[in-house]
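# Summary of structural features
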Amino acid sequence: MSEVPATRAIVVPPPGGPSVVAVLQQQYQDGLSQEIALSTASLTTGQNAFYVSLLNNTAGNMEIPNTLSLPSMTPDRLQSEMEERMPGVEMETSLVYVQNRFGPFGFATGRSSAGDLCLYAWQRIEPGEPAIFVPGGAVSVRLRLCDADASVDQLLRVFYGYTIAAYYRQESWNPYGDPPSPPAHFGEKDAPLYPLGLGSGESATVVRRRSLSEETRRVAPSVQAPRRTIDKDTIEPPAAAPPEAAPPSGYPVVPPPPAQ
């Protein structure tokens, strides 16, 4: 295993951090693996990191030396990984179904003795249907992340937003499978598509605010006091104090008529 520049990291965290501080890489005949060290803001023993393996040929021969293997993600194996990378932290596996842009993944959370919140997430990316003659490759990702002040949602944001920034040039290498089909109403009439920030949910909110403001403008003139022409030598008397008793709910407050 050797250190490579941070710009050669297979996995890139989402914008906003954590940042990549070092990358250790090990090369195999059929792939490579990396330990991507991340910036750490916790008192828990250990280093925040992505553990990534990029497999070029899923049908590799294990008898050949220096080959990469991706073992199955069994509960015992995942528990062993968490005990090794987060010793002394009692981790609880979540039963909630979650998925990011690459598909479903699993995660566990726990609180260390120092009070830090820790996350361990795992994911294996490979085609849904195994290819017999042309293996498509696979990607294995692990995330070990502890933070002194972050919540579970903030820690999960890192695993939701990471990007895979490496690939093999072979046409057969495709661990992601076929691209998804377009939306159901794509290209049809009476099915508008909006750019980001103008979806149906937000546009409905804007329309609702506009309708309320227009209704307020229509009601406002009826409750305002009539205007009077005041001579420059006339001193306008102070406005009368509002009534102390609160009006019933749902009725507008009508000011008293001006004093003559």
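Residues numbered from 1 in each chain as written. Predicted model: local features only at pLDDT ≥ 70, side-chain atom pairs only at ≥ 80, totals over all residues. Heavy atoms only, no water.

Counting its regular elements, the protein contains 3 helices and 11 strands. In the protein, the succession of α and β elements from N to C terminus is β-β-β-β-β-α-β-β-β-β-β-α-β-α. Expressed as a percentage of its 260 residues, the buried residues of the protein come to 31%. Just so you have it, the protein exposes about 17800 Å², and 55% of that area is on carbon and sulfur atoms. (Helix = DSSP H or I, 4+ residues; strand = E, 2+ residues; numbered from the N terminus. Buried < 20%, exposed > 50% of the residue type's maximum accessible area, 1.4 Å probe, protein only. Areas by Shrake-Rupley, 256 points an atom, 1.4 Å probe, with all protein chains shown as cover.)

Here we take up the pattern of salt bridges. Note on pairing: side chains with opposite charge can pair once their charged atoms come close. Applying the stated criterion across every chain yields a total of 3 salt bridges. A salt bridge links E81 to R85; its shortest N-O distance comes to 3.9 Å. Of the two residues, E81 and R85 both sit in helix α1 (residues 75–85), 4 residues apart, roughly one turn of that helix. Since its relative accessible area comes to 22%, R85 is described here as partly exposed. Between R142 and E81 there is a salt bridge; the shortest N-O distance is 2.8 Å. (Salt bridge = Lys/Arg side-chain N within 4 Å of Asp/Glu carboxyl O.)

The next subject is unusual backbone geometry. P18 follows G17 through a cis peptide bond whose omega is -5 degrees. Assignment of secondary structure puts P18 in the loop between β2 (11–12) and β3 (20–28). At D190, a residue that is not glycine, the phi angle is positive and equals roughly 55 degrees. Tracing the backbone shows D190 in the loop between β11 (163–164) and α3 (200–223). Accessibility expressed as a relative area gives 79% for D190, which makes it exposed.

Here the focus is the side chain of N48. By the element assignment, N48 lies in the loop between β4 (31–38) and β5 (49–55). The exposure class assigned to N48 is buried, which follows from its relative accessible area of 1%. In terms of polar contacts, N48 uses its side chain to reach the side chain of R144, at 2.9 Å. (Polar contact = N/O pair within 3.5 Å; in protein donor to acceptor, adjacent residues only side chain to side chain.)

All right, on to the pairing of strand β10 (residues 138–147) then. Successive side chains on a regular strand alternate, one facing one side of the sheet and the next facing the other. Counting buried positions over the 10 residues of β10 gives 9, a clear majority of the element. Judged from the 7 bridges that link them, β5 and β10 form a sheet pairing that is antiparallel. Across the sheet, the residue bridging to F50 is L143, located in β10. Alignment of strand β9 (residues 117–125) against β10, held across 9 bridges, turns out to be antiparallel. (Pairing = 2+ DSSP bridges.)

Turning our attention to the environment of R85. Spatially, the C-alpha atoms of R85 and N48 are 9.1 Å apart, while their sequence positions differ by 37 residues. In this view, R85 contacts Y51, Y120, R142 and R144; residues no more than four positions away in its chain are not counted. (Contact = heavy atoms within 4.5 Å.)

With that settled, the discussion passes to the packing of aromatic side chains. Considering all chains together, one arrives at 10 aromatic pairs under this definition. Here the aromatic rings of F105 and Y160 are separated by 5.4 Å at their centres, their planes lie at 80 degrees, and the arrangement is edge-to-face. Of the two residues, F105 is situated in strand β8 (residues 103–111) and Y160 in helix α2 (residues 152–161); the sequence distance between them amounts to 55 residues. By the ring-pair criterion, three or more aromatic residues cluster together here, those being F50, F102, F105, F107, F159, Y160, Y162, Y168, W173 and Y176. In this structure, R85 is placed above the aromatic ring of Y51, and the distance from its NZ or CZ to the ring centre is 3.7 Å. (Phe/Tyr/Trp six-rings, centres within 6.5 Å; stacked < 30°, edge-to-face > 60°. Lys NZ or Arg CZ within 6 Å of the ring centre and 35° of its normal.)

Moving on, we get to the environment of Q34. The topology assignment puts Q34 in strand β4. Spatially, the C-alpha atoms of Q34 and L54 are 8.6 Å apart, while their sequence positions differ by 20 residues. Excluding its chain neighbours within four sequence positions, the residues that come into contact with Q34 are V4, R8, A9, I10, V23, L24, Q25, F50, Y51 and V52. One polar contact links the side chain of Q34 to the main-chain amide nitrogen of I10, over a distance of 2.8 Å.

This brings us to the side chain of Q123. Take Q123: it is sitting in strand β9. Classification of Q123 as buried rests on a relative accessible area of 1%. A distance of 3.1 Å separates a polar atom in the side chain of Q123 from the backbone oxygen of G103. For Q123, the side chain forms a polar contact with the main-chain oxygen of P104, separated by 3.3 Å. Setting aside chain neighbours within four positions, we find Q123 in contact with M73, N100, F102, G103, P104, F105, V139, S140, V141, R142, F159 and Y162.

So, to be careful, I would describe these as geometric facts and stop short of saying anything about function.
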